[in-house]
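Spelled out, the chains give:
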Amino acid sequence: MKTALVTGGSRGIGRAICLKMAEMGYHVLINYKTNTEEANKTLLLVEKAGMTGELLQMDVSDKNQVRDLLGSWIENNTEKYIEVLVNNAGIKDDSLMLYMEDAQWENVIRNNLDSFFYVTRLVLKGMLLKKYGRIINIVSLSGLKGLPGQTNYSAAKAGVIGATKVLAQEVGRNGITVNAIAPGLIKTDMTEGMDENEIKKMIPVRRFGTAEEVAHAAGFLASKEAGYITAETLSINGGLYS
Ligand code: NAP
């Protein structure tokens, strides 16, 4: 059974990607941290799309949890090979650098950058054995352009972009592609409370993006036909930055 693992699949962009993976015929492994109710809603939507899925509650920023929970899932589910990995889970905690606390820096780096390393390292082995895989890292406009108040978040996302480029070169010969998607402003819980009416004046397409628009790109990069696209970062930002 071909499986797609989506981290942070309970809400927002991750949920839309889970649905896209179901539409593409994948069994979906839906990771989340705490929100079981929302994760179950994602699972229901995957099942409505005619596919199977399962929940994997695990804090991707905790290397021991990833080793124990994802490690044992892989060991116990050898028939469910993870063909697509979408590293989507992420958080932000903004503050001007001058006022940024140690915890704000460390949490954001752990959740956005370290998590990529812990999860991908485990999943990679199976992909190498099968000589096929698609790894998609959800980064951010902030990791390309840099946004004031986000030294922690920009550094973490830029770090993932760097790692994407390197890993793509390491595993290209094994049929594995590694790409990143850099969304701009997307309507999810993460952008809740922002003044969309004011901010959209700066966006050439004059609106925030949708989670489904990001998922569409993830589906494209996950397809077999995208096999010659690797080490790339695809911006989805309505023309805000290029
Ligand atoms: P969101 O609505 O806040 O959802 C975040 C998701 O990540 C939830 O499913 C959450 O699980 C999960 N999560 C957070 N920390 C986790 C951890 N340590 N372990 C496991 N799961 C964890 O966020 P979003 O807007 O969909 O963002 C998704 C990704 O896109 C993030 O990487 C974000 O940085 C990136 N992005 C978003 C935007 C935007 O405008 N929205 C723009 C650029 C980039 P629970 O439900 O259990 O909390």
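Right above here is the structure, for reference.
For the structure given in this document, a descriptive report is provided here. Here the structure is a predicted model, which means the values were calculated and not measured.

1. Side note on helix H8 (residues 211-222)
End to end, H8 covers 16 Å across 12 residues, agreeing with the expected 16 Å (1.5 Å per residue, within 8%). Within H8 the residues assigned to the buried category are Ala211, Val214, Ala215, Ala217, Ala218, Gly219, Leu221 and Ala222. Turning to H8, the residues buried within the fold contact helix H1 (12-23), strand E4 (82-87), strand E5 (133-138), strand E6 (176-183) and strand E7 (233-236).

2. Considering the sheet that holds strand E2 (residues 27-32)
With parallel pairing, the seven strands of this open sheet are ordered in space as E3-E2-E1-E4-E5-E6-E7. Each edge of the sheet is formed by a strand with only one pairing partner; in this case those strands are strand E3 (53-57) and E7. For this sheet the average axis-to-axis angle between neighbouring strands, irrespective of direction, equals 20°. In terms of strand pairing, E5 meets E6 through six bridges, oriented parallel. Note that in E6 the partner of isoleucine 136 across the bridge is asparagine 179. The sheet contacts of helix H4 (residues 102-130) involve strand E1 (3-6), E4, E5 and E6, and relative to E4 the element is tilted by about 165°.

3. Comments concerning the environment of threonine 233
As for its position among the elements, threonine 233 is in strand E7. Residue classification places threonine 233 among the buried positions, given a relative accessible area of 18%. Threonine 233 sits 217 residues away from alanine 16 along the chain, and the two C-alpha atoms are 19 Å apart. In contact with threonine 233, other than residues within four places in its own chain, are Val139, Leu144, Ile161, Ala180 and Ala182.

4. Considerations on the site of the ligand
Around the ligand, a shell composed of 33 residues is seen, among which Ser10, Thr34, Asn88, Tyr153 and Thr188 lie nearest. Residue serine 10 places a side-chain N or O atom 2.6 Å away from an oxygen atom belonging to the ligand. A distance of 2.9 Å is found between an oxygen atom of the ligand and a backbone nitrogen or oxygen belonging to lysine 33. Elements that contribute at least two residues to the shell around the ligand include exactly H1, E2 and helix H6 (151-171). Along the lines of polarity and charge, the residues of the shell around the ligand split into 13 nonpolar, 15 polar and five charged.

5. Description of the pairing of E1
Along E1, one buried face is formed by Thr3 and Leu5 and the opposite face, lined by Ala4 and Val6, is buried too. Sheet topology note: the E1/E2 ladder contains four bridges and is parallel. In the sheet register, valine 6 faces E2, and the bridge partner there is isoleucine 30. With H1 bridging E1 and the parallel E2, this β-α-β connection has right-handed handedness. Bridge analysis of E1 against E4 gives four bridges, and the strand direction is parallel. Bridge pairing in E4 places alanine 4 opposite valine 84.

6. Some thoughts on the pattern of salt bridges
Scanning the entire structure with this criterion turns up 10 salt bridges. Put simply, lysine 20 and glutamate 23 hold a salt bridge, and the shortest N to O gap is 3.5 Å. A residue pair is termed a helical-turn pair when its members lie 3 or 4 positions apart in one helix, as lysine 20 and glutamate 23 do in helix H1 at three residues. Taking the relative accessible area as the measure of exposure, glutamate 23 reaches 57% and is therefore exposed. Taken together, the shared-partner salt bridges connect Arg15, Glu38 and Lys41 into one network.

Reading the values: the criteria
Residues numbered from 1 in each chain as written. Predicted model: local features only at pLDDT ≥ 70, side-chain atom pairs only at ≥ 80, totals over all residues. Heavy atoms only, no water. Helix = DSSP H or I, 4+ residues; strand = E, 2+ residues; numbered from the N terminus. Expected span 1.5 Å × (residues − 1). Buried < 20%, exposed > 50% of the residue type's maximum accessible area, 1.4 Å probe, protein only. Contact = heavy atoms within 4.5 Å. Pairing = 2+ DSSP bridges. Axes fitted to C-alpha atoms, helices over the stretch in contact; angles between N-to-C directions. Near = heavy atom within 4 Å. Polar contact = N/O pair within 3.5 Å; in protein donor to acceptor, adjacent residues only side chain to side chain. Nonpolar A, V, L, I, M, F, W, Y, C, P; charged D, E, K, R; others polar. Right-handed = clockwise from strand over helix to strand, strands pointing away. Salt bridge = Lys/Arg side-chain N within 4 Å of Asp/Glu carboxyl O.

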